[in-house]
Amino acid sequence: MRKTRNLRAILSAAGLFLLLAMPHPGADARTETVLRVPWNVTEHKMKNGMRALLLPDNSAPMVVMKVWYAVGSRDEQPGLTGIAHYLEHMMFRGTKKYGPRRFSEIIKKNGGSHNAFTGFDYTAYYERIASDRLELIIELEADRMVNLLLQKAAFDAEKNVVHEERRTRYDRPVGKFWEQLRAVAYTNHPYRNPIIGWPEDIDAITIKDMEAFYKRYYSPENAVAVLVGDFKVDEAIALLEKHFGKIPESPTFRKRPRLAEFPQKSERRVYVRVDAQLPYVALGYHAPNWKSEDAPALVMLEAILGGGETSRIYQRLVRKDTLALGAGADYTYISVDPMIFYLYARVAPGKKAADAEKALLEEVEKLIAKGVTDEEFRRALRNIEAKTVFAMDSHYFRARLLGTAAIAGDWRLLEGYLPALRKVTPAGVVRVARKYLSHKNKTTAELIPTKKSRRANTAKSRGGR
Amino acid sequence: MRLHRILWTLAAALLLPAMAGADVITYEREELPGGGVLLVKQSRQLPMVRVAVSIPAGARHETPEAAGLANLTAALLTRGTKTRSASDIEKTNDTLGGGVGVEAGRARAEASMRVLTRDLEEGLSLLSDVLRNPVFPAKEIEKTKRRIAGGLRRQRERPGHLANKALRNSLFGETPYGRLVEGTEASIKKLGREDIVRFHQKWYGTKGTIFAFVGDVSLGRARELVLARFKGWQAEGGKIPEAAPPETPTKMQVVKIDRPLSQTTVLLGNRSLKRTHPDFYAARVMNYILGGGGFSSRIMDNLREEKGLVYSAYSYFAAGRHAGHWRLMLQTKNKTANEAINEAIAEVKRIKEKGVSNKELQDAKDFITGNFATRFGSSSRIANYILAVEILGFSPGYADEYLKKIRAVTKKQIQDAARKHIKLDESTLAVVGNLSEAKLAY
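Rules of the game
Residues numbered from 1 in each chain as written. Chains lettered and ligands numbered in written order. Predicted model: local features only at pLDDT ≥ 70, side-chain atom pairs only at ≥ 80, totals over all residues. Helix = DSSP H or I, 4+ residues; strand = E, 2+ residues; numbered from the N terminus. Buried ≥ 20, exposed ≤ 12 C-beta atoms within 10 Å, placed from the backbone. Contact = placed C-beta atoms within 7 Å. Pairing = 2+ DSSP bridges. Axes fitted to C-alpha atoms, helices over the stretch in contact; angles between N-to-C directions. Parallel < 35°, antiparallel > 145°, perpendicular 65-115°, else oblique. Left-handed = near helix turned anticlockwise from the far one by under 90°. Nonpolar A, V, L, I, M, F, W, Y, C, P; charged D, E, K, R; others polar. Domains from an automatic or database assignment. Expected span 1.5 Å × (residues − 1). Bend = angle between axes of the 7 residues up to and from the residue. pLDDT = per-residue confidence, 0-100.

Caption draft 1: The overall build of chain A, seen in detail. When helices and strands are counted, chain A shows 15 helices and 15 strands. A total of 465 residues make up chain A; the buried ones form 52% of that total. Once local pairs closer than 6 in sequence are excluded, the contacts in chain A between residues at least 24 apart make up 81%.

Encoded structure:
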């Protein structure tokens, strides 16, 4: 609940599309059906700058609404990491009109559920409710866009809650591992900071900091409402206009700044020594996102190198050499700024991290030296096409994709996703592998288990309370 | 003016809790020759079909000595058949966008897949092949055993896993509900190919198996496919091993596990009602108020909103067909472990001793009934629901009965349910954390 979600791979294996034709050259003899799944989105812009994306679907008498703000951990100043997520928590602490606890109470009373999540690029709030209650949730979200109450007692209690959340996530070896890898792979871009923030910064955040942050970023011109479900588009727009449309633009709002990570000049490495059962190894390479012409080929590279069970890394490390319990690749196509192309292996008992790392690198070298076969390329494309349809099988997930894409630039890039992949060639995949998966562009992280508490110290006792 | 309108809107919404009835979820049910059942929920929204086959071949069909056998058997079904190698199966799976996966649970095993409509026939051909014709190659058995054992090892890094293992073991002992479905590193080691082959022959067949289809497929088409692919599929059957749960304690049992963590994980639980118990509905509403209602629950309100002690704290009834228990979970920094446990237990006592208010009761009912209609937003949610209804022995019209029974729950029934089904004296408290910092008073 109110989770920080790390959406590293929102579209790595799940994009959406308008027309799914199957023009695989030399595909098996059977007739390929042309599938039509319309992305039936209406875009609406209000006078105050707020945007809305509406996707009607009457398959169930329900609606999912997500309100996205173009502010995430990416937008935090040094010393105030974690403030976007902390504010997300405070958004449930009441407004001038609806006191503490009322938000949740009203939604639940009406059979709805709600939550929120913060990412590197955004903060989003959502409700799922019977479609005849749409106005109720619109009114509540519009209210807390500008009327939030920030009070000392709740602010202090919530700070402890955020610390507990941080402990839950990062008290675990794998959590610490990924946090350190990101902190080293980026030097100046705020993607280097954990979304939840560094503990010392969370401690230092004041109500004043948060008031300023809220006023600056929570305004109509910085928000996108995404609706998926059983409603009439014109009626839903009228309700959005009625409640959000009258909120004035924020006088302190400024467009989010352009940020760019400095180009990496040489290889980096980090060792993470923690109390853990097994080693872990990951390689991270800076790679461009959807804004680059290379991005579609990187999606295919991710799939071929480390997507499914037939991918090269999985076959080599998990199946053939049994070096790892799991292994694969991870690439983020949709984001505001470029992220990292990861290769990783969860090392198996009795095996060495060094051998797993060597195998990962050999698979990269082999792909670059010997190329990609037509067969594996076709299989990867079919896999992504099928997953693209499967991704539409949920109101929640469609609203999530639309919002993520809208925040990153344009929801229409979802429509262009598969057509762009179809233009990629096996040679193009090799070309981007050579270009980005280089030693110079690499950060390696290795988790080394320490042995201090390997043995369970279990005591069982009996007694009353 | 504006305020007035908004208040009116809210008032109207509050007065009319969302209604949900049988029309929320309807599907077709048909019995198959050989003792199986076919369930179909057709929807043409997307060109895809989800298929789930639930087979009575879970951990409760294995003996305690062979712990992990059901899971190992399920995992090996996709590692080679009479006509397909493991690599062939992987290729087909990847081409289909995921393809067939098989997993064992405590009561049953489930094979499932998600395919584009155009791939349904190919998918079902693979699905039936892995269920009917596995060959269990010796090499694959060794690799799979090592992988499962490695997974168990990695799980030990997770405090929640350690606490769960301790709680289950204390409540259910040698029964399948007291151990991990994966078994232990030692028990897996002892399992041989013969055991796996026998388990498959004995339990995998049409009898008691449920075939659920959700999505772009008609009843007629689903029936035709199942009859063609699963004709003559028979299991030998046999006696389900019986094991008695541990004696019911008369005092709270405490299990402490020391780990160098900054946060303590706490589980508190007792053996409790099964899903078919008539008190289930009152227990469900009661627990929503106590710890199941997220931010609206008493435990969250006290421990999180008020005191900032936890990020996560909740309780639920894990009520199944064959066993059930109630549990409460919380995580807090080591230093506040005692305080958080005390507060959570105080909430349990308060609901037992003082019951709930009219408003709490009504709010809980409004949520549970109103939320019901929003629970079917994806094919996997629909498939899980219709399978659960069938497994529990309810009819396809169960949704109506469920909502009716929830609406009929009274304050007295709530307090009775708390008294009868949450039993602190019979409970186990499992704690994982830095014990020297936590200084547990338990």
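Caption draft 2: Seen up close, the overall build of chain B. Each helix and strand in chain B was counted, giving 17 helices and 11 strands. In chain B, which comprises 442 residues, the share counted as buried stands at 53%. Partitioning the intrachain contacts of chain B with sequence separation of at least 6 by distance along the chain shows that 83% fall at a separation of at least 24.

Caption draft 3: Structural detail: the pairing of strand 5 (residues 109-116) of chain B. Residue and element names in this part refer to chain B. In terms of burial, strand 5 is a largely internal element, eight of the eight residues being buried. Alternating positions in strand 5 separate into two faces, Ala109, Ala111, Met113 and Val115 on one and Glu110, Ser112, Arg114 and Leu116 on the other, with burial throughout. The pairing of strand 3 (residues 48-55) with strand 5 spans eight bridges and is antiparallel. Across the sheet, residue Val49 finds its bridge partner in strand 5, namely Val115.

Caption draft 4: Quick look at the packing of helix 13 (residues 358-372) of chain B against helix 15 (residues 398-407) of chain B. Residues and elements named next belong to chain B. In the contact formed by helix 13 and helix 15, the axes pass within 9 Å of each other and the chain directions differ by 165°. Overall, the two elements helix 13 and helix 15 adopt an arrangement that is roughly antiparallel. Helix-helix and strand crossings are classified by hand; for helix 13 and helix 15 the assignment is left-handed. In this structure, helix 13 uses Lys365, Ile368, Thr369 and Phe372 to contact helix 15, whose residues at the interface are Leu403, Ile406 and Arg407. When grouped by side-chain class, the residues that make up the contact of helix 13 with helix 15 number four nonpolar, one polar and two charged.

Caption draft 5: Here's a closer look at the interface of chain B and chain A. Taken together, the contact pairs 73 residues of chain B with 72 residues of chain A. Taken together, the elements giving at least two residues each to the side of chain B that touches chain A come down to helix 1 (2-15), helix 3 (86-96), strand 5, helix 5 (138-155), strand 7 (253-258), helix 11 (298-306), strand 10 (324-333) and helix 13 of chain B. Among the elements that line the side of chain B that touches chain A, the one with the most residues is helix 5 of chain B, at seven residues. For the side of chain B that touches chain A, the class distribution of residues is 24 nonpolar, 25 polar and 24 charged.

Caption draft 6: Focus on the domain arrangement of chain A. Residues and elements named next belong to chain A. Each assigned domain of chain A is listed with its residue range as follows: domain 1 (3-243) and domain 2 (268-450). If you look at the interface, domain 1 gives 48 residues, while domain 2 gives 50 residues. Those elements giving two or more residues to the side of domain 1 that touches domain 2 turn out to be strand 5 (51-56), strand 6 (62-69), strand 8 (123-130), helix 5 (173-185) and strand 9 (223-229). With eight residues, the top contributor of residues to the side of domain 1 that touches domain 2 is helix 5. Its residues assigned to classes, the side of domain 1 that touches domain 2 shows 34 nonpolar, six polar and eight charged.

Caption draft 7: Spotlight on the packing of helix 10 (residues 280-292) of chain B against helix 13 of chain B. Residue and element names in this part refer to chain B. Close contact between helix 10 and helix 13 brings their axes to 9 Å; oriented N to C, the two are set at 110°. Comparing their axes, helix 13 and helix 10 come out roughly perpendicular. Between helix 10, through Arg284, Val285, Tyr288 and Ile289, and helix 13, the contact on the second element is made entirely by Glu360, Ala364, Lys365, Phe367 and Ile368.

Caption draft 8: Molecular detail of helix 13 of chain B. Compared with an ideal rise of 1.5 Å per residue, which puts 15 residues at 21 Å, helix 13 of chain B spans 21 Å between its outermost C-alpha atoms and is within 8% of the ideal. Turning to helix 13 of chain B, its buried residues are Glu360(B), Leu361(B), Asp363(B), Ala364(B), Phe367(B), Ile368(B), Thr369(B), Gly370(B), Asn371(B) and Phe372(B). Tucked into the core, helix 13 of chain B has its buried residues touching helix 2 (102-109), strand 7 (113-118) and strand 8 of chain A together with helix 10, helix 15 and helix 16 (411-421) of chain B.

Caption draft 9: The domain arrangement of chain B, seen in detail. Residues and elements named next belong to chain B. Domain assignment breaks chain B into domain 1 (23-230) and domain 2 (253-438). In this structure, domain 1 and domain 2 have C-alpha centres spaced 29 Å apart. Of all the secondary-structure elements, those providing two or more residues to the side of domain 1 that touches domain 2 are strand 2 (36-42), strand 3, helix 6 (159-172) and strand 6 (210-215). In terms of residue count, the dominant contributor to the side of domain 1 that touches domain 2 is helix 6 (10 residues). Along the lines of polarity and charge, the residues of the side of domain 1 that touches domain 2 split into 18 nonpolar, five polar and four charged.

Caption draft 10: Here's a closer look at the sheet that holds strand 13 (residues 340-347) of chain A. Residues and elements named next belong to chain A. If you walk across this open sheet you meet the five strands as 10-14-11-13-12, and the pairing is mixed. Each of the sheet's edge strands pairs with one partner strand only, and the pair in question is strand 10 (268-275) and strand 12 (324-330). When the angles between neighbouring strand axes are averaged without regard to direction, this sheet yields 10°. When strand 11 (residues 280-286) meets strand 13, the two strands line up antiparallel, connected through seven bridges. Each bridged residue has a counterpart across the sheet, and for Ala282 the counterpart in strand 13 is Tyr344. Strand contacts of helix 10 (residues 312-320): strand 12 and strand 13, with the helix running at about 165° to strand 12, the strand carrying the most contacts. Packed on one face of the sheet, helix 11 (residues 353-370) meets strand 11, strand 12, strand 13 and strand 14 (442-450) and runs near 140° to strand 13.

Caption draft 11: Main features of unusual backbone geometry. If you check the backbone angles, Arg101(A) has positive phi at about 75° while not being a glycine. When you line up the elements, Arg101(A) lands in the loop between helix 1 (83-90) and helix 2. Classification of Arg101(A) by C-beta neighbours within 10 Å gives partly exposed; the count is 15. Its identity as a non-glycine residue notwithstanding, Lys439(B) has a phi of 40°, on the positive side. Following the sequence through the fold, Lys439(B) ends up in the segment after helix 17 (435-438).

Caption draft 12: Broad picture of helix 10 of chain B. Residue and element names in this part refer to chain B. Compared with an ideal rise of 1.5 Å per residue, which puts 13 residues at 18 Å, helix 10 spans 14 Å between its outermost C-alpha atoms and falls more than 12% short. In helix 10, a bend of some 30° at Met286 exceeds every other bend along the element. Burial analysis of helix 10 places 13 of its 13 residues in the buried class, which makes it a mostly covered element.

Caption draft 13: Spatial organisation of the pairing of strand 10 of chain B. Residues and elements named next belong to chain B. Here strand 10 lies mainly inside the structure; 10 of its 10 residues are buried. Sheet topology note: the strand 8 (residues 263-271)/strand 10 ladder contains nine bridges and is antiparallel. Looking across to strand 10, one finds that Leu267 is bridged to Met329. The antiparallel pairing of strand 9 (residues 313-319) with strand 10 creates a hairpin that spans four residues between the two strands.

Caption draft 14: Representation of the sheet that holds strand 6 of chain B in the model. All names here are of chain B. A sheet is described by the order of its strands in space; here six strands give the open sequence 1-2-6-3-5-4, paired in mixed fashion. In the strand order of this sheet, the two ends are held by strand 1 (28-32) and strand 4 (101-104), each with one partner. Mean inter-strand twist for the sheet, computed between neighbouring axes without regard to direction, equals 15°. Looking at chain direction, strand 4 and strand 5 are connected through four bridges and run antiparallel. In the strand pairing of strand 5, Gly101 is matched with Ser112.

Caption draft 15: Inspection of the confidence of the model for chain B at higher detail. Averaged over chain B, the pLDDT score is 93; the fraction of residues at 70 or greater is 95%. Of the regions scoring below 50 in pLDDT, residues 1-22 of chain B engages in 31 contacts with residues more than four places distant in sequence or in other chains.

Caption draft 16: Summary view of the environment of Phe317(B). With respect to the helices and strands, Phe317(B) occurs in strand 9. Phe317(B) sits 11 residues away from Leu328(B) along the chain, and the two C-alpha atoms are 9.1 Å apart.

Caption draft 17: Representation of the confidence of the model for chain A. Residues and elements named next belong to chain A. Within chain A, residue pLDDT values average 89, and 89% of them lie at 70 or more. This model gives residues 1-35 a pLDDT under 50, and the stretch forms 76 contacts once residues within four places in sequence are excluded. Every residue in residues 453-465 is under pLDDT 50, and counting partners more than four places away or in other chains gives 18 contacts.

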